[in-house]
Structure formats: structure tokens, C-alpha cells
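# Notes for the structure review
What follows is the residue order along each chain.
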Amino acid sequence: MGAKKNDTEKSRSIYINRLDDIREALGIKTAATFCMEAGLDKNLLSSKQKELTTKHLVPIILKFPQVNPYYILLGVGKPLLEGFGKDDSIAARYIINELQNVQMEVRTLLTENTKLKCQLTRLEEEKKENEGKDTEIQQEK
């Protein structure tokens, strides 16, 4: 049975493996239970999902504020925050807020990048048209 678990862990991302560590640290017996309690797809931990987004992290941290988000993202520290108390939920909310702000900034930058690409394409087309007109004028002379 241990070999099967190791094979499964190798095929999953490090993030999913870390969430499984957190599930165990919380004392939740099954991955499906952990996911359902957090409001996530019950098959998340058994899927071949490679990346986690705020869509995954926010519900986990809201449901289990004692979870160490640095452990999930970076593998730093222990799965659960030590000395967790009422003030720690403030830190968790701050981290969630910052993650959401970064996500909004990324969306804004992607939109701006798309607009700039369109402008560049339009300018390149105008340049080709103007070069063609210049060539025609020179040929007429």
C-alpha cells in the first residue's frame, strides 16, 4: 500500500502533496472530506491538478485559518501555524486579500498587454501601407 501512495504522490504536484500533508495535520481522514469541508471539488487531491490558484487557496484558508499558506505555496514551515490564536486570522485575511490584489493586478496587466499587442499590430500594418505608398510615389517620379 505504501508503494502505491508513493507512486500517487510522484504523479501529483508538490502543491497537492502539501495539501494532503495539511489534511493529515488537521486530522481529516479522507481527501474528499477535506475538499468538501473547504468547499472544493472533492476530487482535487486525487486529480493530476498541477497548479493552485486563489480559487483553491482562499476557501481552504477561510475554512481552516490555522493552515500555513507559506507551507502550501513555498513549502516553508509546518503545515499548520504554531501558536494559532485569534490574531492569526487577521494575518490569514491579510494574506488572502494580498493574493486577491495580486490576481486583480495580473488580470489588469494581461488586459493591458492584449491592448498593446493590438496597437502594435495596427501600427505595423499602417507602416506597411505607408511604405507601399512611398514606393508608388517614388516610381511615379
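To be clear, the structure that these remarks concern was listed above.
Here is what the cut-offs are and how they apply
Residues numbered from 1 in each chain as written. Predicted model: local features only at pLDDT ≥ 70, side-chain atom pairs only at ≥ 80, totals over all residues. Heavy atoms only, no water. Helix = DSSP H or I, 4+ residues; strand = E, 2+ residues; numbered from the N terminus. Buried < 20%, exposed > 50% of the residue type's maximum accessible area, 1.4 Å probe, protein only. Contact = heavy atoms within 4.5 Å. Areas by Shrake-Rupley, 256 points an atom, 1.4 Å probe, with all protein chains shown as cover. Core = buried A, V, L, I, M, F, W, Y, C linked by side-chain atoms within 4.5 Å. Patch = residues over 30% accessible without salt bridge, like charges linked within 9 Å, V, L, I, M, F, W, Y side chains within 5 Å. Salt bridge = Lys/Arg side-chain N within 4 Å of Asp/Glu carboxyl O. Phe/Tyr/Trp six-rings, centres within 6.5 Å; stacked < 30°, edge-to-face > 60°. Arc of directions from axis to C-beta.

### Describing the overall build of the protein
Summing up its helical and strand segments, the protein has six helices and zero strands in all. Across the 141 residues in the protein, those meeting the buried criterion constitute 24%. For the protein, contacts bridging at least 24 residues in sequence account for 51% of all contacts bridging at least 6. Surface exposure of the protein reaches about 10200 Å², of which carbon and sulfur atoms provide 54%.

### Description of the nonpolar core
Counting 17 residues, the largest nonpolar core has Leu19, Ile22, Phe34, Ile60, Phe64 and Ile72 as the members making the most contacts within it. Where this core is concerned, the elements lending two or more residues are α2 (14-26), α3 (31-38), α4 (54-63) and α5 (69-74). Excluding residues within four positions of it along the chain, Phe64 makes contact with Leu26, Ile28, Phe34, Glu37 and Ala38.

### Things to note about a nonpolar patch on the surface
Taken together, the side chains of Tyr70, Leu73, Leu74 and Val76 present a nonpolar region at the surface, about 380 Å² in accessible area. Here Leu74 lies in helix α5. Given the relative accessible area of 55%, Leu74 is considered exposed.

### Considering the packing of aromatic side chains
Summed over all chains, the structure comprises one aromatic pair. Between Phe34 and Phe64 the ring centres are 5.5 Å apart and the planes differ by 10°, which places this aromatic pair in the stacked class. Residue Phe34 is located in helix α3, and its partner Phe64 is located in the loop between α4 and α5; the two are separated by 30 residues in the primary sequence.

### A word on the side chain of Ser13
Mapped onto the secondary structure, Ser13 falls in the loop between α1 (2-11) and α2. Setting aside anything within four residues of it in sequence, one finds Ser13 in contact with Gln49 and Lys50.

### Comments concerning α3
All buried positions along α3 are accounted for by Phe34, Cys35 and Ala38. For α3, the angular spread of the buried residues around the axis is 95°, confining them to a single face. Those residues of α3 hidden inside the fold are in contact with α2 and α4. Positive phi appears at Gly39, one or two residues downstream of α3, with a value of about 80°.

### A short note on the pattern of salt bridges
Overall, the coordinates contain three salt bridges when judged by the stated rule. Arg23 is the partner of Asp20 in a salt bridge, and the nearest nitrogen-oxygen pair spans 2.8 Å. Pair noted here: Asp20 and Arg23 are both in helix α2, with a separation of three residues, about one helical turn. Here the two residues Asp20 and Arg23 agree in accessibility, since each one is buried. For Glu24, the salt bridge goes to Arg23, with nearest N and O atoms at 3.5 Å.

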